[in-house]
Amino acid sequence: IWCHLEQRHLQQTSSCLCVQGHFFDEYRIEGRDETNQILLELTTEQLSRALKSALTAASVKMKLTNKHTPCLTMEISMPVSSGRSRSVTHDVPITLIPPRFWSDYEEPPMPRYQVSICLPALKTLRHAVDRLKNLSNYLILSANNAGSFTVEVETDDVSVRTHFQDLENPVGGDCPASEQPDDPDYMVSARVDIRKFGQFLQAQQINPTKIVCNILESRAIHCFVLHDDMHLQYFLPVVVR
């Protein structure tokens, strides 16, 4: 699942890899070629509205249909009440992506990050960032390979920084081999829109087991949110001074 947000030529991208067996008792996909893929676009607001009505459902069936326009149809069976069963159907309009455009939706290439660090608890980090929002529109994220991580705002009048120590620096994983600085205490930094980083911190709602932040000096920030049922990726646009 890919989500894109473009504003003023800065692209914020997130993706979610879901384990099918953790969400569906049965599933069948019949693609048009050997990759067995179907790519489609929809609005998250309409999908969210349909899923909210399924919170207390006994079962939910999702399928692609063609009802004057392509739809993702959700057939929701509600629990039996007073001997009567109820069902609700939602048709979420979609746009099918032709195979010739699939390359536009491929995962962006990951550069060789200089620092990879596990973030502190998002609730704690969010509290620190919320206190900085009134001081600046931009946030400086810094980390090193000795377990240190800081969030900082700088203005003409003040500089405020919050430190986190003794964090884990993961080795290997899904990221390309990093070009680490010779000095493990060297802080690698990148500047981001504080509101966009605040949106990323909403990932605390899924109770992740671990969050990894990768930084390439003044060029890229790439975060992994790890959960037993899914993996989320966020590519945050870096703001150049």
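Our subject in this report is the structure included herewith. (Residues numbered from 1 in each chain as written. Predicted model: local features only at pLDDT ≥ 70, side-chain atom pairs only at ≥ 80, totals over all residues. Heavy atoms only, no water.)

Our next topic: the overall build of the chain. Scanning the chain for helices and strands turns up four helices and 15 strands. In terms of principal-axis extent, the alpha carbons of the chain reach across some 65 × 45 × 35 Å. Classification of the 241 residues of the chain by burial places 36% in the buried group. Taking the 23 positively charged and 29 negatively charged side chains of the chain as two groups, their mean positions are separated by 10 Å. (Helix = DSSP H or I, 4+ residues; strand = E, 2+ residues; numbered from the N terminus. Buried < 20%, exposed > 50% of the residue type's maximum accessible area, 1.4 Å probe, protein only. Lys, Arg positive; Asp, Glu negative; His and termini not counted. Charge placed at Lys NZ, Arg CZ, Asp CG, Glu CD.)

What follows concerns the pattern of salt bridges. One pass over the structure, following the stated rule, counts seven salt bridges. Across the salt bridge formed by Arg 161 and Glu 152, the nearest N and O atoms sit 3.0 Å from each other. Take Arg 161: its relative accessible area is 43%, and that puts it in the partly exposed class. Owing to a relative accessible area of 5%, Glu 152 belongs among the buried residues under this scheme. (Salt bridge = Lys/Arg side-chain N within 4 Å of Asp/Glu carboxyl O.)

Time to look at the sheet that holds strand S5 (residues 69–81). Across the sheet, three strands lie side by side as S4-S5-S6; this open sheet has antiparallel pairing. Looking at strand neighbours, the two that pair on one side only are strand S4 (59–67) and strand S6 (84–93), the edges of this open sheet. The sheet shows a mean angle of 25° between the axes of neighbouring strands, taken without regard to direction. In this sheet, S5 lies alongside S4 in antiparallel orientation, the contact comprising nine bridges. (Pairing = 2+ DSSP bridges. Axes fitted to C-alpha atoms, helices over the stretch in contact; angles between N-to-C directions.)

With that out of the way, let us pick up helix H3 (residues 122–132). By the burial criterion, the buried members of H3 are Leu 122, Leu 125, Ala 128, Val 129 and Leu 132. Buried positions in H3, seen along its axis, are confined to an arc of 125° and lie on one side of it. Facing away from the buried side of H3 by more than 90 degrees, the exposed set consists of Lys 123, His 127 and Arg 131. As for H3, its buried residues are in contact with strand S9 (138–143), strand S10 (149–154), strand S11 (159–164), helix H4 (194–200) and strand S13 (210–216). (Arc of directions from axis to C-beta. Contact = heavy atoms within 4.5 Å.)

One finds Leu 125, Leu 139, Leu 141, Phe 149, Phe 197, Phe 200 and Ile 221 to be the most contacted residues of the largest nonpolar core, which totals 35 residues. Ignoring sequence-local partners within four residues, the contact set of Phe 200 consists of Leu 119, Ile 211, Cys 223, Val 225 and Tyr 234. If you look at the next biggest cluster of nonpolar residues, it comprises five residues, including Ala 50, Met 74, Val 92 and Ile 94. (Core = buried A, V, L, I, M, F, W, Y, C linked by side-chain atoms within 4.5 Å.)

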